[in-house]
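Chain residues, written in single-letter form:
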Amino acid sequence: MAGVQFIGTERTKSDVLEPAVQSCFQAKTFGELTHAIAETSGRINRLDVFKDMRFVIDRAPESSDIVVRVEVKERKYKLHVGTEIQKNEVGFGSGGTFFNVFGRGEKLDINA
């Protein structure tokens, strides 16, 4: 196997993603590779920084090696607003979650 390429990562650091794909490098058969991709998908989903992810198995140019491309779309933010009514009081709230602020899978929640 030649390698794993990530396409669409703007902020996410490669050292955060590399441990998740290690099982793909150990695969010897196509069946093992598809199983490793399923495990990799679960690990990457737990980071919760991508809103869309697609795996493409392809041949490396000018070689018979296999390349796995992971095409992703990063989450950037999620905003929310709401009201709360209790007896004679009305409250208004707003906030947001910013994903992957420093490129290491973190979330920043802001509420007011």
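Before reading further, recall that the structure is shown in the block above.
Residues numbered from 1 in each chain as written. Predicted model: local features only at pLDDT ≥ 70, side-chain atom pairs only at ≥ 80, totals over all residues. Heavy atoms only, no water.

### Re the sheet that holds strand 4 (residues 77–86)
- Here we have three strands laid out as an open sheet, ordered 4-5-6, and antiparallel in their pairing. At either end of the open sheet lies a strand with only one pairing partner, and these are strand 4 and strand 6 (107–111). The mean inter-strand angle of the sheet, taken between neighbouring strand axes irrespective of direction, is 15 degrees.
- Two strands pair when backbone bridges link them, and strand 5 (residues 89–99) and strand 6 are joined in this way by five bridges, in the antiparallel orientation. What sits directly across from Phe 99, in strand 6, is Lys 107. (Pairing = 2+ DSSP bridges. Helix = DSSP H or I, 4+ residues; strand = E, 2+ residues; numbered from the N terminus. Axes fitted to C-alpha atoms, helices over the stretch in contact; angles between N-to-C directions.)

### As for the nonpolar core
- Among the nonpolar cores identified, the biggest contains 16 residues, and Val 4, Cys 24, Leu 33, Phe 50, Val 68 and Val 70 are the most heavily contacted of them.
- For this core, the secondary structure elements donating two or more residues are helix 3 (30–47), strand 2 (50–59) and strand 3 (66–74).
- Per-element tally for this core: the top contributor is helix 3, with four residues.
- Those residues within four positions of Phe 50 in sequence are excluded, and the remaining contacts are Thr 9, Thr 12, Leu 17, Ile 44, Val 72, Lys 73, Glu 74 and Arg 75. (Core = buried A, V, L, I, M, F, W, Y, C linked by side-chain atoms within 4.5 Å. Buried < 20%, exposed > 50% of the residue type's maximum accessible area, 1.4 Å probe, protein only. Contact = heavy atoms within 4.5 Å.)

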